[in-house]
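Results of the structural survey
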Amino acid sequence: MALATPSPSSADIGVTGMGVMGRNLARNLARHGHTVAIHNRTPAKTEAVMAGHAHEGAFVPAETMDDFVASLSSPRVAIIMVAAGAATDAVIDELAARMDEGDIIVDCGNSLFSDTRRREAALRERGLHFVGCGVSGGEEGALWGPSIMPGGSVDAYRRLGPMFESIAAQVDGEPCCTHVGADGAGHFVKMVHNGIEYADMQVIGEAYDLLRRALGLTPAEIADIFADWNTGDLDSYLMEVSVEVLRQVDAPTGRPLVDVIVDAAGQKGTGSWTVQTALDLGVPVTGIGEATFARGLSSSAPQREAARGFEGGAEPWAIDDREAFVEDVRRALYASKLVAYSQGFNEIQAAAEAYGWDIDLGELARIWRGGCIIRAQFLGEITRAYTAAPELPLLIADDYFHDKVLAALPSWRRVVSLSALHGVPVPVFSSSLSYYDAVRADRLPAALIQGQRDYFGAHTYRRTDRDGSFHTLWATPERAEVEA
Ligand code: ATR
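Residues numbered from 1 in each chain as written. Predicted model: local features only at pLDDT ≥ 70, side-chain atom pairs only at ≥ 80, totals over all residues. Heavy atoms only, no water.

As for the packing of aromatic side chains
- Counting across every chain of the model gives 15 aromatic pairs.
- Relative to Trp368, the ring of Phe345 lies with its centre 5.7 Å away and its plane at 50°, an arrangement referred to as tilted. Placement of the pair is Phe345 in helix 15 (residues 322–355) and Trp368 in the loop between helix 16 (361–367) and helix 17 (378–388), with a sequence separation of 23 residues.
- A residue is classified by how much of its surface remains accessible, and Phe345, at 0% relative accessible area, is buried.
- Trp368 gets classed as buried once you look at its relative accessible area, which sits at 0%.
- Joined through ring pairs, the aromatic side chains of Tyr334, Tyr341, Phe378, Tyr400 and Phe401 make up one cluster.
- If you follow Arg375 out to its NZ or CZ, it ends over the ring of Tyr237, 3.9 Å from the centre.
- Above the plane of the ring of Tyr334 lies Lys404, whose end atom (NZ or CZ) is 5.4 Å from the centre. (Phe/Tyr/Trp six-rings, centres within 6.5 Å; stacked < 30°, edge-to-face > 60°. Helix = DSSP H or I, 4+ residues; strand = E, 2+ residues; numbered from the N terminus. Buried < 20%, exposed > 50% of the residue type's maximum accessible area, 1.4 Å probe, protein only. Lys NZ or Arg CZ within 6 Å of the ring centre and 35° of its normal.)

Here it is, written out as structure tokens:
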């Protein structure tokens with residue numbers, strides 16, 4: 001069945017790319033009273049949306065790109081929801097060729113922020129607005145209320161914002177959508193959101209592993225502990241999800257599902273992007289990095305095969321006070337999670353400086369409170385912290401979080417040292433504690449590293465007692481110091 005030619009300029013907004021995410025975003029927009037033009041390269045998908053969902057709102061189906069663009073009211077707003085990369089570039093070109101000055105193209109896919117910056121600059125030259133927009137919450141979020149992170153110009157947001165705010169998740173009467181900043185800022189923060197998500201999932205995994213190995217608890221018993229934690233300051237969607245997964249029993253075998261799932265974690269790449277970008281910016285995101293590497297390690301089949309069964313030289317667990325241990329693990333999880341979030345926000349701060357984005361970190365934490373995978377109570381406190389001190393250099397410098405970390409510290413140290421003694425890998429727990437100890441240190445061994453660099457590469461060093469750059473003439477018998 002061919003789709004009829006739609007009436008021109010009748011749609012408020014359009015979505016091209018009727019994969020699951022595109023279709024759900026379009027349905028969400030239609031449900032909220034917006035007239036939505038829909039299009040897909042293969043028209044059968046557009047027809048399928050009409051067949052299944054036409055009754056949900058006002059859709060304007062278009063068979064061709066010409067019809068799709070013509071059906072949009074001016075200034076036109078067209079959302080692209082296709083695979084990131086070449087497909088996105090191809091669709092942008094098709095749209096741009098048919099659009100007029102002032103029209104807006106929105107990329108809601110998971111594009112790399114540097115691609116978004118490039119596309120925005122190219123389209124701006126042609127008088128078009130390009131908005132790279134992070135959308136979090138998966139399929140269900142897209143349908144029922146995602147967290148939406150649009151970048152691009154303020155002008156574009158003026159037209160787009162009200163529609164996006166209407167379909168976003170709502171928390172305490174506020175939409176989980178805000179104009180994040182110019183050009184690629186939206187995709188950048190979405191990328192870091194995903195990186196933080198990796199770390200958050202990993203710390204929950206480390207807590208699970210410890211409770212299981214140290215106390216011999218079953219997955220269902222750990223689910224009960226997590227359910228209890230989920231009523232306090234660890235209350236989060238990911239904790240909720242973990243409870244569900246740990247309680248699940250595999251029907252064919254009767255075993256806990258978690259015991260029949262292959263322990264090799266997948267990834268789609270946004271965690272790696274977060275780490276690669278952090279390396280470029282020189283920001284230590286150790287928690288996200290370790291979480292990303294932990295996924296890589298879990299999938300390193302040849303290495304794991306070769307090392308399986310190696311002697312650990314570890315002591316057997318013998319925990320006397322089980323309740324106290326559970327509380328220690330809870331606190332270690334909290335502190336490690338806090339460090340990982342703090343590092344993620346640092347990466348955003350560094351990018352804002354590098355790319356000239358004016359990002360309100362408090363607002364960002366606010367729009368992550370609903371709709372997205374890292375939604376959690378905890379983010380409310382982060383909003384408070386950054387609202388009180390927008391330039392806060394690290395979250396643990398905020399009094400509330402500082403007190404939390406101080407209270408967690410003995411537990412955190414016990415858990416990390418016991419894990420080492422008993423041979424349990426806790427890469428994010430331990431690297432986060434190392435980060436805390438390093439960042440609070442009076443002196444770091446970086447002084448020795450500077451000396452080494454000067455010795456073999458004449459890279460010079462600065463002195464603690466005088467301004468300037470110095471070099472020691474290492475190859476001469478006197479080893480005199482000269483000012484560089
Ligand atoms: P899902 O969201 O269902 O997992 P997906 O594979 O991520 O699906 O979605 C891919 C979307 O990108 C589809 O709408 C696809 O169009 P087709 O249905 O015609 O395959 C669209 N897409 C991929 N490459 C494209 C391209 N080069 N030009 C236009 N659309 C493209």
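Here's the deal with the site of the ligand
- Taken together, 13 residues surround the ligand, and among them Val20, Asn40, Arg41, Thr42 and Lys45 come closest.
- For the ligand, an oxygen atom lies 2.6 Å from a polar atom in the side chain of Asn40.
- Between Lys45 and the ligand, the recorded distance is 2.9 Å, taken from a side-chain N or O atom to an oxygen atom.
- Bound to the protein, the ligand loses 65% of the 640 Å² it would expose on its own.
- Contributing elements (two or more residues each) for the shell around the ligand: helix 1 (20–31) and helix 4 (86–96). (Near = heavy atom within 4 Å. Polar contact = N/O pair within 3.5 Å; in protein donor to acceptor, adjacent residues only side chain to side chain. Areas by Shrake-Rupley, 256 points an atom, 1.4 Å probe, with all protein chains shown as cover.)

Some details on unusual backbone geometry
- Omega for the bond connecting Ser74 with Pro75 falls within 30 degrees of zero, at -10°, which places this linkage in the cis form.
- Among the secondary structure elements, Pro75 is positioned in the loop between helix 3 (65–70) and strand 4 (77–80).
- The residue Asp172 is not glycine, and still its phi comes out positive at about 50°.
- Mapped onto the secondary structure, Asp172 falls in the loop between strand 8 (170–171) and strand 9 (174–175).
- Classification of Asp172 as exposed rests on a relative accessible area of 67%.
- Unusually for a residue other than glycine, Arg479 sits at a positive phi of about 50°.
- The topology assignment puts Arg479 in the loop between strand 11 (469–472) and strand 12 (481–483).

Re the pairing of strand 6 (residues 129–136)
- Most of strand 6 sits out of view: seven of its eight residues are buried.
- As defined by bridge partners, strand 5 (residues 104–107) adjoins strand 6 across four bridges and the pair is classed as parallel. The residue of strand 6 that forms the bridge with Ile104 is His129.
- Handedness of the crossover joining strand 5 and strand 6 through helix 5 (residues 113–125) is recorded here as right-handed.
- Pairing between strand 6 and strand 7 (residues 147–150): four bridges, direction antiparallel. Within strand 7, the position partnered with Cys133 by the bridge is Pro150. (Pairing = 2+ DSSP bridges. Right-handed = clockwise from strand over helix to strand, strands pointing away.)

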